[in-house]
Amino acid sequence: MKKVIKIVLQISVLFLFFYIGEWIQSSLSLIIPGSIIGMLLFLILLLTGIIPEKFIKDGLDLLLKDMPLFFIPVTVGIVNLLHVFAGKGLLMLGIALISTIIVIYTTGLLTQKIMGKEE
Amino acid sequence: MRDIMIGAVFLILTIILYILSKKLYSMFPNPFTLPIVTVSVLLVVLLFYTPISYDTYMIGGQWINFFLGPLVVALALPLYRQRALIKKYAKVIIIGISFGSIVGILSGVVLTILLRFDTTIIHTMASKSVTTPVALSITKAVDGNISLAAVFVMIAGLAGAMLGPILLKLAKVTHPVAQGIGIGTASHAIGTAKVLEKSELAGAVSALSMTITAIIVSILAPAILHVLG
């Protein structure tokens with residue numbers, strides 16, 4: 001029971017940072033999502049040791065381990081978009097695929113070349 | 001009261017299917033058996049062939065969605081843990097990830113413009129290389145289509161898991177750091193999971209790349225879209 005309370009509290013910390021990030025984003029009208037602002041704030045507190053890793057790690061590792069679960073409801077939303085994928089819509093999927101291939105190939109190659117030169 | 005019951009049913013169904021799909025994936029590890037693929041396909045088929053609507057499903061699904069933003073905050077932890085690696089390979093990591101992030105936005109957006117898609121689709125394509133919660137936040141900010149964004153992100157992830165190793169071989173990319181940057185920058189968590197199977201260093205760099213790509217794209221995508229229309 002004690003462990004459950006601890007994990008709930010650790011996950012609540014994430015919500016706290018998320019809402020602080022959202023609040024900063026909306027009050028300053030920033031283009032960076034509130035979740036990213038929350039992450040950067042949280043990272044700063046970890047790096048400065050204000051929040052020690054052991055205080056939050058169990059709850060966070062629990063969430064991170066099963067990250068794909070949280071993407072499922074959004075992905076299921078394609079059920080309302082199936083008509084988009086007929087005809088020209090298939091081209092969109094092709095673009096996403098080709099763009100990804102370009103990124104992996106060129107980025108991997110560039111990085112390998114830089115490292116080859118340095119070593 | 002009725003809504004709570006319906007919500008609970010779909011929440012529990014999603015979690016049970018996810019647990020079962022993880023077992024399936026551990027028995028048959030394959031891009032087609034990734035839990036996000038199998039569970040999503042099953043649920044889409046269920047909603048398509050029954051009178052249950054997506055909105056009804058989401059009475060339960062919204063409880064899972066509720067965690068998407070906080071999950072991005074949680075990514076600070078792996079980033080914190082990899083801080084020694086970040087220092088060691090700082091220069092090449094920054095150059096590689098910046099390059100890959102920009103190529104990812106530009107290649108997707110330019111192709112979409114060339115094929116004359118409308119503004120919503122162009123804006124949705126910009127964030128396909130980043131992890132889902134971040135892609136959804138960016139897509140919201142640039143007025144794209146959130147469900148479509150999740151589909152593009154999934155394609156980017158699966159393409160990396162399935163084709164990534166072959167592409168890196170073709171390009172003669174042998175260093176684990178270069179492999180991690182290539183796949184992590186293009187294919188976020190799904191690609192990272194695949195790279196991690198082979199090399200811990202490549203996996204760690206991929207996780208780092210996916211995090212930094214998320215930050216770079218969330219800053220650059222709105223700016224690039226603003227310039228390109």
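Definitions and limits used
Residues numbered from 1 in each chain as written. Chains lettered and ligands numbered in written order. Predicted model: local features only at pLDDT ≥ 70, side-chain atom pairs only at ≥ 80, totals over all residues. Heavy atoms only, no water. Helix = DSSP H or I, 4+ residues; strand = E, 2+ residues; numbered from the N terminus. Rg over C-alpha atoms; globule rule 2.2 N^0.38 Å. Buried < 20%, exposed > 50% of the residue type's maximum accessible area, 1.4 Å probe, protein only. Contact = heavy atoms within 4.5 Å. Areas by Shrake-Rupley, 256 points an atom, 1.4 Å probe, with all protein chains shown as cover. Axes fitted to C-alpha atoms, helices over the stretch in contact; angles between N-to-C directions. Parallel < 35°, antiparallel > 145°, perpendicular 65-115°, else oblique. Left-handed = near helix turned anticlockwise from the far one by under 90°. Nonpolar A, V, L, I, M, F, W, Y, C, P; charged D, E, K, R; others polar. Core = buried A, V, L, I, M, F, W, Y, C linked by side-chain atoms within 4.5 Å. Salt bridge = Lys/Arg side-chain N within 4 Å of Asp/Glu carboxyl O. UniProt positions renumbered as here; feature names shortened; annotations may be inferred. Buried area = accessible area lost by both parts, 1.4 Å probe. Expected span 1.5 Å × (residues − 1).

Points about the overall build of chain A
Within chain A one finds five helices and zero strands. Written out in order from the N terminus, the α and β elements of chain A read α-α-α-α-α. The C-alpha radius of gyration computed for chain A amounts to 20 Å, which surpasses the reference 14 Å derived for 119 residues by more than 25%, pointing to a less compact arrangement than a globule. In terms of overall dimensions, chain A has a C-alpha envelope of 55 × 50 × 35 Å along the principal axes. Burial analysis of chain A (119 residues in total) assigns 45% to the buried set. Excluding contacts between residues fewer than 6 apart, the proportion of contacts in chain A whose partners are at least 24 apart in sequence is 44%. With the model as given, the accessible surface of chain A reaches about 6100 Å², and the carbon-plus-sulfur share is 73%.

Here we look at the packing of helix H9 (residues 132-141) of chain B against helix H10 (residues 146-170) of chain B
All names here are of chain B. Packing of H9 against H10 leaves a shortest axis separation of 9 Å and a crossing angle of 140°. Between H9 and H10, the crossing angle belongs to the class labelled oblique. Relative to H10, H9 is oriented so that their crossing is right-handed. Every residue of H10 that contacts H9 at Thr132, Ala135, Leu136, Thr139 and Lys140 is listed here: Ile146, Ala149, Ala150 and Val153. Split into classes, the residues belonging to the contact of H9 with H10 amount to six nonpolar, two polar and one charged.

Considering the side chain of Thr75 of chain A
Turning to its location among the elements, Thr75 of chain A is positioned in helix H4 (residues 67-76). Setting aside residues up to four positions removed in sequence, Thr75 of chain A forms contacts with Ile36, Ser40, Ala150 and Met154 of chain B.

So, the nonpolar core
One recurring pattern in soluble globular proteins: nonpolar side chains tend to sit buried together. Counting residues in hydrophobic clusters, the biggest one holds 99 residues, and the most contacted among them are Phe42, Ile72 and Val76 of chain A together with Tyr57 of chain B. Here this core gets eleven residues from one element, more than from any other, and that element is helix H12 (residues 200-228) of chain B. Other than its neighbours up to four places away in sequence, Phe42 of chain A contacts Val13, Leu14, Phe17, Ile51, Ile56 and Leu60 of chain A together with Val73 and Ala76 of chain B. Ranked by size, the runner-up nonpolar core spans twelve residues in total, among them Val103, Leu168, Ala186 and Val195 of chain B.

Observations concerning the pattern of salt bridges
Here the structure, examined in full by the defined rule, presents six salt bridges over all chains. Salt-bridge contacts for Arg81 of chain B lead to Glu53 of chain A; the nearest nitrogen and oxygen are separated by 2.6 Å. With one member in each of two chains, Arg81 of chain B in helix H5 (residues 76-81) and Glu53 of chain A in helix H3 (residues 53-65) form a pair that bridges those chains. Residue classification places Arg81 of chain B among the partly exposed positions, given a relative accessible area of 32%.

Overview of the packing of helix H5 (residues 89-118) of chain A against H10 of chain B
Between H5 of chain A and H10 of chain B, the least distance of the axes is 8 Å, while the angle of their chain directions is 40°. Judged by the angle between their axes, H5 of chain A and H10 of chain B are oblique. Between H5 of chain A and H10 of chain B the crossing geometry is right-handed. Two secondary-structure elements touch here, H5 of chain A through Met92, Leu93, Ala96, Leu97, Thr100, Ile101, Ile104, Tyr105 and Gly108 of chain A and H10 of chain B through Leu148, Val151, Phe152, Ile155, Ala156, Ala159, Gly160, Leu163, Gly164, Leu167, Leu168 and Leu170 of chain B. Each residue belonging to the contact of H5 of chain A with H10 of chain B can be placed in one class, and the counts come to 17 nonpolar, four polar and no charged.

Things to note about the UniProt feature "transmembrane region" (unreviewed entry) in chain A
Taking the UniProt record as the reference, the feature "transmembrane region" (unreviewed entry) is found at residues 7-24, 30-51, 63-85 and 91-110 of chain A. Along residues 91-110 of chain A, the helical share is 100% and the strand share 0%, with 28 Å between the first and last C-alpha atoms.

With respect to the interface of chain A and chain B
Many descriptions give the size of an interface as the accessible area lost when the pieces come together. Between chain A and chain B, the residue contacts involve 71 residues of the former and 98 residues of the latter. Between chain A and chain B lies a buried interface of about 7400 Å² when both sides are counted; carbon and sulfur atoms form 82% of it. Along the contact surface separating chain A from chain B lie three salt bridges. Looking at the side of chain A that touches chain B, the elements that each hand over two or more residues are helix H1 (2-28), helix H2 (34-47), H3, H4 and H5 of chain A. Class assignment for the residues of the side of chain A that touches chain B results in 51 nonpolar, twelve polar and eight charged.

Re H2 of chain A
For an α-helix the count is 3.6 residues per turn, leaving residues at separations of three or four pointing the same way. In this model H2 of chain A runs 20 Å from its N-terminal to its C-terminal C-alpha over 14 residues, within 8% of the 20 Å that 1.5 Å per residue would give. Packing partners of the buried residues in H2 of chain A comprise H1 and H3 of chain A together with helix H4 (68-74), H5, H9 and H12 of chain B. Backbone geometry just downstream of H2 of chain A places Gly49 of chain A in the positive-phi region, at approximately 80°.

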